[in-house]
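Single-letter residue listing:
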Amino acid sequence: MPATPTLRHTIGFRAATCVVVGSIIGSGIFMKPATMALQVGWPHWLALVWVIAGIFSLFGALIFAEIGAMLPQTGGIYVYFRFMFGDFVAFLYGWAAFAVINTASVSAISFVCAQYADYFLQLPRLPAATEQSWVIHIPYLGSLYPLQQLGVKALAIVLVLGLTLLNYLSLKASSALQVLSTFVKVAVIGILVFGIFCSGRGDAANFITPGAHAKEGWSLMGGIITALTGAFMAYDGWINVTFIAGEIRSPQRIIPRSLVTGLFVCIAVYLLVNQAYLYVLPIDAMAGAQLVAADAIAIALGGTGSAIIAALIVICTFGAVNGNTMAISRVTYAMGNDRLFFPWTGRTHPRFQTPGNALWLHGIWSSILIFSGSFDMLADMFTFVAWVAYLLGAVGLFILRRKLPDHPRPYKTWGYPLVPLLFIAFAAFYVVSTVWNDISLYIAGKTAVINSLLGLLITALGIPLYLYFRKKHL
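Scoring rules and cut-offs
Residues numbered from 1 in each chain as written. Predicted model: local features only at pLDDT ≥ 70, side-chain atom pairs only at ≥ 80, totals over all residues. Heavy atoms only, no water. Helix = DSSP H or I, 4+ residues; strand = E, 2+ residues; numbered from the N terminus. Rg over C-alpha atoms; globule rule 2.2 N^0.38 Å. Buried < 20%, exposed > 50% of the residue type's maximum accessible area, 1.4 Å probe, protein only. Contact = heavy atoms within 4.5 Å. Areas by Shrake-Rupley, 256 points an atom, 1.4 Å probe, with all protein chains shown as cover. Core = buried A, V, L, I, M, F, W, Y, C linked by side-chain atoms within 4.5 Å. pLDDT = per-residue confidence, 0-100. Patch = residues over 30% accessible without salt bridge, like charges linked within 9 Å, V, L, I, M, F, W, Y side chains within 5 Å. Salt bridge = Lys/Arg side-chain N within 4 Å of Asp/Glu carboxyl O. Phe/Tyr/Trp six-rings, centres within 6.5 Å; stacked < 30°, edge-to-face > 60°. Polar contact = N/O pair within 3.5 Å; in protein donor to acceptor, adjacent residues only side chain to side chain. Lys, Arg positive; Asp, Glu negative; His and termini not counted. Arc of directions from axis to C-beta.

*Asks:* Can you help me understand the overall build of the protein chain in this one?
*Replies:* Along the backbone of the protein chain there are 19 helices and 2 strands. Its C-alpha atoms give the protein chain a radius of gyration of 22 Å, within 12% of the compact-globule value 23 Å for 474 residues. C-alpha extents for the protein chain along the principal axes are approximately 70 × 55 × 45 Å. A total of 474 residues make up the protein chain; the buried ones form 56% of that total. Across the protein chain, every contact between residues at least 6 apart in sequence was considered, and the portion connecting residues at least 24 apart equals 81%. Carbon and sulfur atoms make up 69% of the accessible area of the protein chain, which amounts to about 19200 Å² in all.

Structure, rendered in structure tokens:
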């Protein structure tokens, strides 16, 4: 009887670090700073929000570095939750990752990539009346218009399916692409920052001058919490390297190093880019910008800002789509392997040694989300659901220390137990305050849905699925 094919251990430190950096740096640093500037109104608080989000993301990386080195198996958080809390919690995370967290993020990033590629391609779209002719209304959520921006959606779907095919055929090729795209994006962003600071068209006073409507007291606190959501969304993706642990050479050594190195690189990049924007744009101008990066480049380098920033976003989001595509299907693959999901999703391709079925399932579902346009609503809540998982994972670190005290730990969390406790306290505060803030905005009529509670509801929809698969495979 032939041996069951297994995944290859082909990913080294450089590729793993590029998965971290490449999965994190997408469109967030080009899209989020303007909204965040409006939410806080103070340039130093804006910079501090990026630092705080980066530090706590780093704390989370340190925690999951210990867990990942201890349990170096493909599937990441899903695998960890099985050891910490059992099959039920692990399945709910895996279901949420498939339904909301991972596929919605890939869909959103690929759509942004296609949207900015449209600046150069001038993709076709249907007449406005035709775009509005097919409406799918979802109660308490809003309306979907599948025919809107059909050309952009088609390109986004081609991007997702094309990168899915590459990852299906060869992990080595997709890893090489990830290394190349990450080096290119960091280099291009470095040139952008250098060009803005050397333009001589900025003012260092912008770093300390508050906006005309700078918030104070509890209003400022609410603004910081809301701004942190945007920053955390921009930092999200650092966990992806743990999903491919079973395909990393020497994972006990490489996972901690790649997580810490990748987060430090991203914190430095985000802070430098944010300060570059502030150098040429006062906080009020930054808050009012439709596309803050384009406005900053236009001031610093002239009228070519829109074309430059469109190219930058295409480069950055392309690498982010590939990095996420590499990683996210591994959760579903691990669930299928454990027979907590459709068993065929846990099969390894006999020739390519890749999780082929899981890759195509994710690619197809992401494409459906792109076509429907629902990824936009889902993307608003995936950060919250992800941070609930990070909170549980940090709590689980203490559980593993107690349940498996003698298990080999090639890496131990720096600053234990203080760093994990600080992370737990902050994550709990963030989760609770986000729910409170979402409910307050809904009551005030400022939002149509309570995103955080909807994310939890979609996660809970996995309960009957869990009962079905558990009964079927007992």
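*Asks:* How do you make sense of the nonpolar core when you look at a structure like this?
*Replies:* Among soluble globular proteins, nonpolar side chains are generally buried collectively. Formed by 137 residues in total, the largest nonpolar core has its most connected members in Phe 30, Tyr 93 and Trp 238. Top contributing element to this core by residue count: helix H3 (residues 43-70), with 15 residues. In this view, Tyr 93 contacts Ile 77, Tyr 78, Phe 81, Ile 101, Phe 243, Val 331 and Ala 389; residues no more than four positions away in its chain are not counted. Formed by 9 residues, the second largest nonpolar core is a distinct cluster that contains Val 106, Val 152, Val 160 and Ile 370.

*Asks:* Can you help me understand the confidence of the model for the protein chain in this one?
*Replies:* Detailed conclusions should not be drawn from predicted coordinates in areas where pLDDT is low. A residue-level look at the protein chain finds 95% of positions with pLDDT of 70 or above and a mean pLDDT of 87. Within the protein chain, no element has a lower average pLDDT than strand E2 (residues 142-144), which sits at 69, and none a higher one than helix H7 (residues 150-169), at 95.

*Asks:* In this structure, what is going on with a nonpolar patch on the surface? I would like to understand it.
*Replies:* Residues Phe 88, Ile 463 and Leu 467 make up a contiguous nonpolar surface patch of roughly 250 Å² in combined accessible area. Owing to a relative accessible area of 32%, Ile 463 belongs among the partly exposed residues under this scheme.

*Asks:* What am I meant to see in the packing of aromatic side chains here?
*Replies:* Describing an aromatic ring pair means giving the distance of the ring centres and the angle of the ring planes. Evaluated as defined, the whole model comprises 35 aromatic pairs. Ring plane angle 45° and centroid distance 5.4 Å describe the contact between Phe 197 and Tyr 279, whose orientation is recorded as tilted. One end of the pair, Phe 197, is in helix H8 (residues 171-197); the other, Tyr 279, is in helix H11 (residues 251-280), and 82 residues separate them in sequence. A relative accessible area of 30% places Phe 197 in the partly exposed class. Look at Phe 398 and Tyr 416: their rings are 5.3 Å apart centre to centre, the planes differ by 35°, and that puts the pair in the tilted class.

*Asks:* What is the right way to look at the environment of Tyr 93 in this model?
*Replies:* Structurally, Tyr 93 can be placed in helix H5 (residues 87-121). Put simply, Tyr 93 and Gly 462 are 369 residues apart on the chain and 9.0 Å apart in space, counted from C-alpha to C-alpha.

*Asks:* What am I meant to see in helix H13 (residues 292-301) here?
*Replies:* All of the buried residues in H13 are Val 292, Ala 293, Ala 294, Ala 296, Ile 297 and Ala 300. One or two positions beyond H13, positive phi appears at Gly 302, with a value near 105°.

*Asks:* Where do I start with the environment of Trp 218 in this structure?
*Replies:* Topologically, Trp 218 is positioned in helix H9 (residues 217-235). Judged by relative accessible area, which is 77%, Trp 218 ranks as exposed. A C-alpha to C-alpha distance of 42 Å links Trp 218 and Ala 245, two positions 27 residues apart in sequence.

*Asks:* Sorry, what's going on with the side chain of Thr 345 here?
*Replies:* For Thr 345, the location among the structural elements is in the loop between helix H14 (305-337) and helix H15 (356-372). Residue Thr 345 is classed as buried on the basis of its relative accessible area, which comes to 0%. Of the polar contacts made by the side chain of Thr 345, one reaches the backbone oxygen of Phe 342; its length is 2.6 Å.

*Asks:* Even after reading the chapter, I still don't get the side chain of Asp 236, so can you show me in this structure?
*Replies:* Checked against the element boundaries, Asp 236 lands in the loop between H9 and helix H10 (240-243). Lys 32 provides the closest opposite charge to the buried, salt-bridge-free Asp 236, at an N-O distance of 12 Å. Looking at Asp 236, its side chain comes within polar contact range of the side chain of Tyr 390, at 2.8 Å.

*Asks:* I keep staring at the pattern of salt bridges and nothing clicks. Help me out?
*Replies:* Note that side chains of opposite charge can pair when their charged atoms are close. Taken as a whole and judged by the stated rule, the model has 7 salt bridges. Across the pair Asp 87 and Arg 470 runs a salt bridge, and its minimum N-O distance is 3.8 Å. Taken together, the positions of Asp 87 in helix H5 and Arg 470 in helix H19 (residues 462-472) put the pair 383 residues apart, joining distant regions of the chain. In this structure Arg 470 comes out as partly exposed when scored by relative accessible area, which is 36%. In this structure, the salt-bridge partner of Glu 247 is Arg 330, at a minimum N-O distance of 2.7 Å. Of this pair, Glu 247 sits in the loop between H10 and H11 while Arg 330 sits in helix H14, and the two are 83 residues apart along the sequence. Here Glu 247 and Arg 330 have matching classes, each one buried. Here the salt bridges share partners, and the residues they tie into one network are Arg 82, Asp 87, Asp 338 and Arg 470.

*Asks:* Please explain the environment of Arg 253 as it appears in this structure.
*Replies:* Structurally, Arg 253 is set in helix H11. Spatially, the C-alpha atom of Arg 253 lies 7.6 Å from that of Tyr 411, the residues being 158 residues apart in sequence.

*Asks:* Looking at this model, I keep getting lost on helix H18 (residues 451-460). Mind explaining?
*Replies:* Given 3.6 residues per turn, any residue in an α-helix points the same way as the ones three and four places further on. Those residues of H18 not exposed but buried are Asn 451, Ser 452, Leu 454, Gly 455, Ile 458 and Thr 459. Seen end-on, H18 carries its buried residues on one side only, within an arc spanning 165°.

*Asks:* Could you clarify how one ought to interpret unusual backbone geometry in this entry?
*Replies:* Most of the time, phi is negative for any residue but glycine, and the peptide bond is trans. A cis amide bond links Tyr 416 with the next residue in sequence, Pro 417, at an omega value of 5°. Mapping Pro 417 onto the fold places it in the loop between helix H16 (375-403) and helix H17 (418-443). One non-glycine residue with positive phi stands out, namely Gln 122, at about 55°. You can see Gln 122 is positioned in the loop between H5 and helix H6 (128-131). Given the relative accessible area of 60%, Gln 122 is considered exposed. In this structure, Arg 339 is a non-glycine residue whose phi angle is positive, near 60°.

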